[in-house]
Amino acid sequence: MEVKTSLLDNMIGVGDMVLLEPLSEDSFLENLKKRFDHNEIYTYIGSVVISMNPYRSLPIYSPEKVEEYRNRNFYELSPHIYALADEAYRSLRDQDKDQCILITGESGSGKTEASKLVMSYVAAVCGKGQEVNKVKEQLLQSNPVLEAFGNAKTVRNDNSSRFGKYMDIEFDFKGDPLGGVISNYLLEKSRVVKQPRGERNFHIFYQLLSGASDDTLKKLKLDRDFSKYNYLSLDSAVVNGLDDATSFRTVKNAMQIVGFMEDEIRSVLELVAAVLKLGNIEFKPESRCNDTDESRVRDKNDLKEMCELLGIEQTVLERAFSYRTVEAKLEKVSTTLNVAQAYYARDALAKNLYSRLFSWLVTRINESIKAQTKSRHKVMGVLDIYGFEIFEDNSFEQFIINYCNEKLQQIFIELTLREEQEEYIREGIEWTNIEYFNNAVICDLIENNQNGIMAMLDEECLRPGTVTDETFLDKLNTVCAEHQHFESRLSKNSKFLNDHSLPHSCFRIQHYAGKVLYCVEGFVDKNNDLLYRDLSQAMFKATHSLMKELFPEGNPSKVNLKRPPTAGSQFKSSVGTLMKNLQTKNPNYIRCIKPNDKKAAHIFTASLVCHQVRYLGLMENVRVRRAGYAFRQPYGPCLERYKMLCKRTWPHWRGPAREGVEVLMADLQVPTEEFSYGRSKIFIRNPRTLFFLEERRRQCLQDLATLIQKIYRGWKCRTHFLLLKKSQVVVAAWYRRYAQQKKYQRIKSATTVVQSYARGWQARKLLRELKHQKRCEEAVTTIAAYWHGTQVRREYRKFFRANAGKKIYNFTIQRIMQKYFLGVKSGLPSMSPVDKNWPARPYRFLDAAHAQLRSIFHLWRCKKYRSQFSQERKAVYQEKLEASELFKDKKSLYPSSVSQPFKGDYLEISKNPKYQKLNSCVEEKVLLADVVNKINRANGKGASRILLLTKKNVVLADQKTGQVKASVALPDLISVSVSTQNDGFFALKLKEGSASAVKGDFLLSSEHLIETITKLHHIGSTASDDGEQLDINISDEFLVQFKQDKVCVKFIQAAPKNGNSASCKRKNNRLLEVSVPAATA
Ligand SMILES: Nc1ncnc2c1ncn2[C@@H]1O[C@H](COP(=O)(O)OP(=O)(O)OP(=O)(O)O)[C@@H](O)[C@H]1O
Ligand SMILES: [Mg+2]
């Protein structure tokens, strides 16, 4: 079910100022403030929307909001610009009524934003489709283009529209957009050449310099630095929140969408660049002979570049800045321009160039967006035009703007009253006269063709002779002096003679919105809007594609001596056309107000708002709306809203709505003069009546709400209770089941426990019995075994000895020994005493016996071996044994002698005839006969001698002759000295004083030293009388007695030389050195 709402629901303050009670300026402001503080920026005055600029984005323009307001009645929802746009669009679509939306307000109040909101709303709710979307997009994208060229940052608004704009959007019969037409009014072109402090030139200049690529700038001969251009004010070149570079791309993109060709865009930018260059052209005076100053271009570079951009011959333009040609009917007069005039001409050219470019842009956009079909269109016009302006210094522009606002107010009054009247007629209500202020008289003061201010200004401008702003004011003073809305100090109206708030150079007009003081300075000039013909002709000659179109009056073939229409008359006629246009349409008003002049959110400056409320004539609006009936409503919605106030209409009225309303009003006893019944609506004269109804409704709603609440609560509690009850049953059932389950499980487990205990007890009992039984059986077996054992032992005791174990042990040992000895016997080693083999012992305990057996066997084997020796051999071995005792480990020569048998008689002295003589000299048996070397005592050299050893003597004989050289009786020999080394030297030491010892001791060397000395030792000891043994002295250093001298014989190790034999050398008297070659390993 659709919920019927009303503007009156949840209202903050009052949503419609018509319902304000009491109506006064204070309550009006109070209401605006209250709503503004609650973010309600829109308020109605009847069908007029007041819009307060929130200066921040509010979440009230979302697609959901669009849907909310779509196809809803105007008063159904809280005030919104969408409600107005929807109303306008629907009556255009459904009732075929052309619409216009008039948006006014002072600069920065949000007009342009409002116009965009209206357009975007209409675009959102109208038809869709590829073609339609393209048209919509083109219409919407025309905004950024025009804003770039026509908007600028001012102190009041960072994006202030410096032109008036009226846009007709054309729709087909279905309400789909077909195209549009844009009209522009009065671009503030003076801004091109000069900007007030803190303001900027038009956005496009900054956008071009910031956003264009380096390449583009190069082609346009521009530099990115703003400061290089005289026409760009620097103090606010960069505006917070404005990104010029991005905007430039947006604008270019928008131009493409709208349908500009690439070369057109380039041409437009060239003109923009040309304007910048133009501003940089400077002049210097040049004196002429006839005492006049003529201007000359100071630096021709900028002029040259500008001429290149526009395709103008430099000399032509240069001349146009220096001379001015005035053409009368028949003659041409050329006068020079001084520097000031040259600057004036330059600026005039810049202003014209730019404003004409702007107009061209509008025309070009119109060409793109115009409807393609010729069929009848429905039209919705959107007018975004400057509101009433009252500044401290008001000039020609404010005069024009305020004139426009007067005209709009007139239209408003006319149309509002007409609409009101039409509605009364439609509804069959008696017409009551409405009192209001008609501003036609002010419009007349300004626009009257005979004596209106504009006509006077034109007359002054066209008059020959000296024309100044003062002459214009004089004229006004004479012509308009009597007018009740005109005030001037010098007028004949004596009232103002002493009014010091009115300066002499000013006049004041009492506009419907308040008094405005205009300063006449510049009126004539601005109205003339003069561009020297030389300049327009120079421009016409340019080769640039747009210039001929922009300066058609420069065409020399169409020289028109008539003055072009003045700015004022142009504006007047365009306003006239606009008014005519608007009069054919159904008006919708949006009045924009700015809450503060800080461009800040949340601040409401009452004085500022009050000022705007006044000059927007809002109080006047309310009064006009309230002059007849303050409120009207169709019967259906009215009955729906208030039916609860009467028992007969509540809850349902079954009859026509009007009758229901009549019953209702009668029941409520509303005085009949307070309302009238129309055909489809009830008209309520006074807001009080409406508020009375609303209050009753509010109370009734409260009662109804209580009733509904009561019933609802009852129902809710009942259903809740039933639900609880039902749930309780379910819960109880589940719980019981659960509890029983638990109980059952407990019993079951208890049973199991009891059962297991019982079974356990039984099992243990059984186990005990079984164990007992088993033990009994085992006991029986044991007893039986013991018993049997006893029996058997008793029976067999006679067969055992108590020492059986010892016997068995001995027997075993014997067996082992027997086996061991047999083993030894069979494994005996050979009989060789050097055989080291011996069988292994089988048991460890036999270690001692085994070792002993081995030694016994060895001794026995040796004995056996010895017993085989003969007597001689035995003597040999005894000798060898003696040698061993003497020399083993004492002399190095010994080991080599062990294997040599001791032969004794090496010379075979008894057999050899050679030694027969010698043999005969020796009495005893020769025990040893050998050749030895006798060392000469004097020089140590050797001489061979035969050494014979008998039992009594040692004989030395010549080897060749056999002649005995010396014979030493053995008792004279006291000791023999040998070295420890591997040599055969030995010294025979003789008893001092003996016969043999005359020459001293003998030093000999023998190859059979060991045998010789052993034998000598053996014989020496047996020959000794006292049984004294011969002393064998083994040492490497010993003394010998040579005659009187005691000589030391010293053995030294030497390297082998001349074979392996030792050599002897007498070193001095005391030393004889024997070098023994070291034994080779
Ligand atoms: N409804 C809105 N919501 C949010 N901000 C807004 C709204 N209306 C206006 N503004 C802010 O206020 C600024 C000024 O608005 P706008 O340009 O529409 O003023 P204007 O009345 O067109 O002024 P001018 O006469 O100088 O062109 C906008 O740039 C925007 O920042
Ligand atoms: Mg604007």
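Structure: above.
Residues numbered from 1 in each chain as written. Chains lettered and ligands numbered in written order. Predicted model: local features only at pLDDT ≥ 70, side-chain atom pairs only at ≥ 80, totals over all residues. Heavy atoms only, no water.

A.B. asks: Residues and numbers for the overall build of the protein, please.
C.D. replies: Helix and strand counts for the protein come out as 32 helices and 31 strands. Summarising its shape, the C-alpha atoms of the protein cover approximately 210 × 130 × 60 Å along the three principal directions. Per-residue burial over the protein gives 47% buried out of 1081 residues. The long-range fraction of contacts in the protein, counting pairs at least 24 apart against all pairs at least 6 apart in sequence, stands at 64%. Of the accessible surface of the protein, which amounts to about 57,200 Å², a share of 53% is contributed by carbon and sulfur atoms. (Helix = DSSP H or I, 4+ residues; strand = E, 2+ residues; numbered from the N terminus. Buried < 20%, exposed > 50% of the residue type's maximum accessible area, 1.4 Å probe, protein only. Contact = heavy atoms within 4.5 Å. Areas by Shrake-Rupley, 256 points an atom, 1.4 Å probe, with all protein chains shown as cover.)

A.B. asks: For the packing of helix H3 (residues 81-95) against helix H4 (residues 111-125), give the residues involved together with the corresponding values.
C.D. replies: Two quantities define a packed helix pair, namely the angle between the axes and the distance from one axis to the other. Between H3 and H4, the shortest axis-to-axis distance is 9 Å and the interhelical angle comes to 55°. Between H3 and H4, the crossing angle belongs to the class labelled oblique. For the element pair H3 and H4, the recorded crossing hand is right-handed. Residue-level contacts link Ile81, Tyr82, Ala85, Asp86 and Tyr89 of H3 to Ala114, Leu117, Val118, Tyr121, Val122 and Val125 of H4. (Axes fitted to C-alpha atoms, helices over the stretch in contact; angles between N-to-C directions. Parallel < 35°, antiparallel > 145°, perpendicular 65-115°, else oblique. Left-handed = near helix turned anticlockwise from the far one by under 90°.)

A.B. asks: Please set out the pattern of salt bridges residue by residue, giving values where relevant.
C.D. replies: This model, assessed by the stated rule, comprises 53 salt bridges. Aspartate 223 is the partner of lysine 228 in a salt bridge, and the nearest nitrogen-oxygen pair spans 3.1 Å. A relative accessible area of 45% places lysine 228 in the partly exposed class. Glutamate 423 is paired through a salt bridge with lysine 681; the nearest N and O atoms lie 2.4 Å apart. Taken together, the residues glutamate 423 in helix H14 (residues 396-427) and lysine 681 in strand E19 (residues 681-684) connect sequence positions 258 residues apart. (Salt bridge = Lys/Arg side-chain N within 4 Å of Asp/Glu carboxyl O.)

A.B. asks: So, helix H19 (residues 533-540): which residues are in play, and what are the values?
C.D. replies: Where burial is concerned, most of H19 is hidden: six out of the eight residues are buried. Turning to H19, its buried residues are Asp534, Leu535, Ser536, Ala538, Met539 and Phe540.

A.B. asks: Explain the coordination of the magnesium ion (ligand 2) to me, using residue names and the numbers behind them.
C.D. replies: Coordination of the magnesium ion (ligand 2) by the protein involves Thr112 (OG1) and Ser161 (OG), with metal-donor separations of 1.8 to 2.0 Å. Pair noted here: threonine 112 is in helix H4 and serine 161 is in strand E5 (residues 160-161), with a separation of 49 residues, a long-range link. Here the two residues threonine 112 and serine 161 agree in accessibility, since each one is buried. (Donors = N, O, S within 2.8 Å, 3.2 Å for Na, K, Ca; no water.)

A.B. asks: Tell me what's going on with the sheet that holds strand E18 (residues 675-677), and back it up with residues and numbers.
C.D. replies: Sheet architecture is open: three strands sit in the order E17-E19-E18, paired in antiparallel fashion. What marks the edges here is a single partner per strand, and that holds for strand E17 (631-634) and E18. Sheet twist, expressed as the average angle between the axes of neighbouring strands with direction ignored, equals 15°. Where E17 meets E19, four bridges bridge the pair, whose relative direction is antiparallel. (Pairing = 2+ DSSP bridges.)

A.B. asks: I'd like to hear about the state of the cysteines, residue by residue, with values.
C.D. replies: As used in these notes, a disulfide is a covalent bond between sulfur atoms, one from each of two cysteines. Using the criterion set out here, one finds zero disulfides in the structure. With no disulfide of its own, cysteine 506 has cysteine 519 as its nearest cysteine by sulfur position, at a separation of 4.2 Å. Left without a disulfide partner, cysteine 700 is nearest to the cysteine sulfur of cysteine 646, which lies 10 Å away. Taking the relative accessible area as the measure of exposure, cysteine 700 reaches 15% and is therefore buried. (Disulfide = S-S within 2.5 Å.)

A.B. asks: Lay out the site of ligand 1 with the relevant residues and their values.
C.D. replies: Contacts to ligand 1 come from 17 residues, most closely from Ser107, Lys111, Thr112, Ser160 and Ser161. Here an oxygen atom of ligand 1 and a backbone polar atom of glutamate 113 are 2.9 Å apart. Protein contact buries 85% of the 620 Å² of open area that ligand 1 shows by itself. Secondary structure elements with two or more residues in the shell around ligand 1: H4 and E5. Per-element tally for the shell around ligand 1: the top contributor is H4, with three residues. (Near = heavy atom within 4 Å. Polar contact = N/O pair within 3.5 Å; in protein donor to acceptor, adjacent residues only side chain to side chain.)

A.B. asks: Got a sec to walk through the pairing of strand E30 (residues 1063-1066)? Specific residues and values, please.
C.D. replies: The side chains of a regular strand alternate between both faces of the sheet. Side-chain alternation along E30 places Cys1064 and Arg1066 on a buried face and Ser1063 and Lys1065 on a face that remains uncovered. With four bridges connecting them, E30 and strand E31 (residues 1071-1077) associate as antiparallel partners. Bridge assignment links serine 1063 to a residue of E31, and that residue is serine 1075.

A.B. asks: Break down unusual backbone geometry for me, citing the residues and quoting the values.
C.D. replies: Following glutamate 21, the chain continues into proline 22 via a peptide bond in cis, with omega recorded as -5°. The peptide bond linking tryptophan 650 to proline 651 adopts the cis configuration, its omega dihedral lying at 0°. Structurally, the position occupied by proline 651 is in the loop between helix H24 (635-642) and helix H25 (657-668). Positive phi, normally seen in glycine, also occurs at aspartate 96, with a value near 60°. Note that aspartate 96 resides in the loop between H3 and strand E3 (99-105). A positive phi angle, close to 45°, is found at glutamate 908, a residue other than glycine. Its location among the elements puts glutamate 908 in the loop between helix H30 (894-898) and helix H31 (916-921). The exposure class of glutamate 908 is partly exposed, given its relative accessible area of 42%.

A.B. asks: Outline the side chain of serine 975, listing residues and values.
C.D. replies: Position of serine 975 among the secondary structure elements: in strand E24 (residues 973-978). In this view, serine 975 contacts Ala987, Leu988, Lys989, Leu1030 and Asp1031; residues no more than four positions away in its chain are not counted.

A.B. asks: Account for the nonpolar core, with residues named and values stated.
C.D. replies: Core analysis: the largest hydrophobic core is formed by 191 residues, its most contacted members being Phe28, Phe149, Leu317 and Phe507. Looking at which element gives the most residues to this core, the answer is helix H13 (residues 339-369), with 15 residues. For leucine 317, the residues in contact, after removing those within four places along its chain, are Leu303, Met306, Cys307, Ile312, Leu349, Leu535, Ala538 and Met539. Counting 31 residues, the second-largest nonpolar core is a separate cluster that includes Phe887, Leu947, Val976 and Ile1010. (Core = buried A, V, L, I, M, F, W, Y, C linked by side-chain atoms within 4.5 Å.)

A.B. asks: Please give an account of the environment of alanine 785 that cites residues and values.
C.D. replies: With respect to the helices, strands and loops of the structure, alanine 785 is situated in helix H26 (residues 687-796). On a C-alpha basis, the gap between alanine 785 and isoleucine 747 in space is 56 Å, while along the polypeptide they are 38 residues apart.

A.B. asks: Quick rundown of helix H29 (residues 871-887)? Include the residues and the values.
C.D. replies: Here H29 contains 17 residues, and its C-alpha end-to-end distance of 24 Å stays within 8% of the 24 Å for a straight helix at 1.5 Å per residue. Where H29 is concerned, the buried positions are Glu879, Lys880, Glu882, Ala883, Ser884, Leu886 and Phe887. With its phi angle positive at about 65°, aspartate 889 sits one or two positions after the end of H29. (Expected span 1.5 Å × (residues − 1).)

A.B. asks: Describe the packing of aromatic side chains, naming the residues involved and giving the relevant values.
C.D. replies: Under the definition given, this model contains 36 aromatic pairs. Ring geometry for phenylalanine 486 versus phenylalanine 507: centroids 5.6 Å apart, planes at 25°, classification stacked. Remark: phenylalanine 507 occurs in strand E14 (residues 506-511) and phenylalanine 486 occurs in strand E13 (residues 486-488); sequence separation between them is 21 residues. Residue phenylalanine 507 is classed as buried on the basis of its relative accessible area of 0%. Seen from their ring centres, tyrosine 865 and phenylalanine 869 are 5.6 Å apart, and the 75° between their planes marks the pair as edge-to-face. Following the ring pairs from residue to residue traces out a cluster consisting of Phe396, Phe399, Phe472, Phe486, Phe507, Tyr518 and Phe523. A cation sits over an aromatic face here: arginine 319 above tyrosine 323, 4.3 Å from the ring centre. Lying across the ring of phenylalanine 260, arginine 364 places its NZ or CZ 5.1 Å from the centre. (Phe/Tyr/Trp six-rings, centres within 6.5 Å; stacked < 30°, edge-to-face > 60°. Lys NZ or Arg CZ within 6 Å of the ring centre and 35° of its normal.)

A.B. asks: Tell me about the sheet that holds strand E15 (residues 514-519), and please be specific about residues and values.
C.D. replies: The strand order E13-E14-E15 describes an open sheet built from three strands, whose pairing is antiparallel. Both outer strands of the open sheet, E13 and E15, are each paired with one neighbouring strand and no more. Adjacent strand axes in the sheet meet at a mean angle of 25° when their direction is disregarded. When E13 meets E14, the two strands line up antiparallel, connected through three bridges. Paired with phenylalanine 486 across the bridge in E14 is isoleucine 509. Those strands touched by helix H15 (residues 440-447) are E13 and E14, and its axis lies near 150° from that of E14. Along the sheet, helix H17 (residues 469-479) makes contact with E13 and E14, crossing E14 at roughly 45°.

A.B. asks: Residues and numbers for the packing of helix H1 (residues 25-37) against helix H22 (residues 606-615), please.
C.D. replies: Between H1 and H22, whose axes approach to 11 Å, the crossing angle comes to 115°. The element H1 and its partner H22 pack so that their crossing is right-handed. Of H22, the residues touching H1 (which contributes Glu25, Phe28, Leu29 and Leu32) are Ala606, Val609, Cys610, Val613 and Arg614. A class-by-class count of the residues in the contact of H1 with H22 yields seven nonpolar, no polar and two charged. (Nonpolar A, V, L, I, M, F, W, Y, C, P; charged D, E, K, R; others polar.)

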